Amino acid sequence: MGSAWRRWAGRYRQRMAEAAEKFNTAMSAWREWQEAPWGRLRYVVGEVNLVRHLDDLADGPLRVLDLAGGDGGDAVRLAARGHHVTIVDHAPTMLAAAAERADAGGLAELITCVQADMHALPADLAAGEFDVVLCHNLLQYVDDVRQTLSSALGPLRAGGLFSVMAINRHSAPLTVAVREMDLVAAMAALDTDQARTQTFDAALTLHTAEEIAPVLEELGCREVRHYGIRCVCDYVTDDERKHDPAFYNSLERLELAMTARHPYMHTARLFQLITRRHEK
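Residues numbered from 1 in each chain as written. Predicted model: local features only at pLDDT ≥ 70, side-chain atom pairs only at ≥ 80, totals over all residues. Heavy atoms only, no water.

Draft legend 1. Structural view of the overall build of the chain. When helices and strands are counted, the chain shows 11 helices and nine strands. Its C-alpha atoms give the chain a radius of gyration of 18 Å, within 12% of the compact-globule value 19 Å for 280 residues. For the chain, with 280 residues in total, the buried portion stands at 51%. The long-range fraction of contacts in the chain, counting pairs at least 24 apart against all pairs at least 6 apart in sequence, stands at 79%. Summing over all exposed atoms, the chain offers an accessible surface of approximately 12800 Å²; the carbon and sulfur share of this is 51%. Side-chain charges in the chain split into 30 positive and 39 negative, and the spacing between the mean points of these groups amounts to 3 Å. (Helix = DSSP H or I, 4+ residues; strand = E, 2+ residues; numbered from the N terminus. Rg over C-alpha atoms; globule rule 2.2 N^0.38 Å. Buried < 20%, exposed > 50% of the residue type's maximum accessible area, 1.4 Å probe, protein only. Contact = heavy atoms within 4.5 Å. Areas by Shrake-Rupley, 256 points an atom, 1.4 Å probe, with all protein chains shown as cover. Lys, Arg positive; Asp, Glu negative; His and termini not counted. Charge placed at Lys NZ, Arg CZ, Asp CG, Glu CD.)

Draft legend 2. The arrangement of the packing of helix 3 (residues 37-54) against helix 11 (residues 245-258) in detail. Helix 11 packs onto helix 3 with a crossing angle of 40 degrees between their chain directions and a minimal axis gap of 10 Å. Taken as a pair, helix 3 and helix 11 cross one another with a handedness that is right-handed. For the pair helix 3 and helix 11, contact is made by Pro 37, Arg 40, Leu 41, Val 44, Val 45, Val 48 and Arg 52 and by Tyr 248, Leu 251, Glu 252, Glu 255 and Leu 256, respectively. Of the residues assigned to the contact of helix 3 with helix 11, the class counts are eight nonpolar, no polar and four charged. (Axes fitted to C-alpha atoms, helices over the stretch in contact; angles between N-to-C directions. Left-handed = near helix turned anticlockwise from the far one by under 90°. Nonpolar A, V, L, I, M, F, W, Y, C, P; charged D, E, K, R; others polar.)

Draft legend 3. Region of the structure containing the packing of helix 7 (residues 145-153) against helix 10 (residues 209-218). For the pair helix 7 and helix 10, interaxial distance at closest approach is 10 Å and the crossing angle is 50 degrees. Relative to helix 10, the element helix 7 lies oblique. Of the two elements, helix 7 crosses helix 10, and the hand of that crossing is right-handed. Here Val 145, Arg 146 and Leu 149 of helix 7 lie close against helix 10, whose contacting residues are Ile 212, Val 215, Leu 216 and Glu 218. (Parallel < 35°, antiparallel > 145°, perpendicular 65-115°, else oblique.)

Below, the structure written as structure tokens:
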């Protein structure tokens, strides 16, 4: 490997180590976010989008690799459907929480937790020929998106399904303008890809689906499908009302109706790209 790759890998490991420490100390805030209506929508819509494509893969349980899978928010949903999921993450506290969730749900036999760098996976995972690989909410934390996507695709078998999810840069100016009513900040957000996450107090680099899809195609993926997650939720400023069950149910139905519908996926808070790997 060249010196440029080693320098990048060193920066990535340092950044992930810092992020892991923040994740470890922000667990209560993260759990609160997951249980909030906007957190629930992220997982519900992401799962529905993924399930649309799973039936075409194989009969019976699938082997799923969840990279940067944290405390198992995606993994437990797939394991509950009978699939075998391996979670890889840097943060031991997140993985411990994932193991607890698996035990609580009676899913311990279907979920394996591995503390590792996704760019230096153990050999058995790197050559795992998984049916499905998830790379959710990782891209905003890395410096080299192409290298990260290439590493994430490595363990995926030919014909396997790949799901990548990230914060949508198109949503940043709208979110600031609508929720904070700060039009100066919204104007500035039009011309930057930098942001911060409040939950983990970490720097982010934002991307768009239109930027990531061609990279996936260059890496041997085809039939890239674009979905939006939280197409409308973040632009409804009455957060208290979202906790009302009737309102939330209507909001969830609307989000599911919008997720694959143009033009709403382009301004959703998150984008999800689901594709198949046609080359190894």
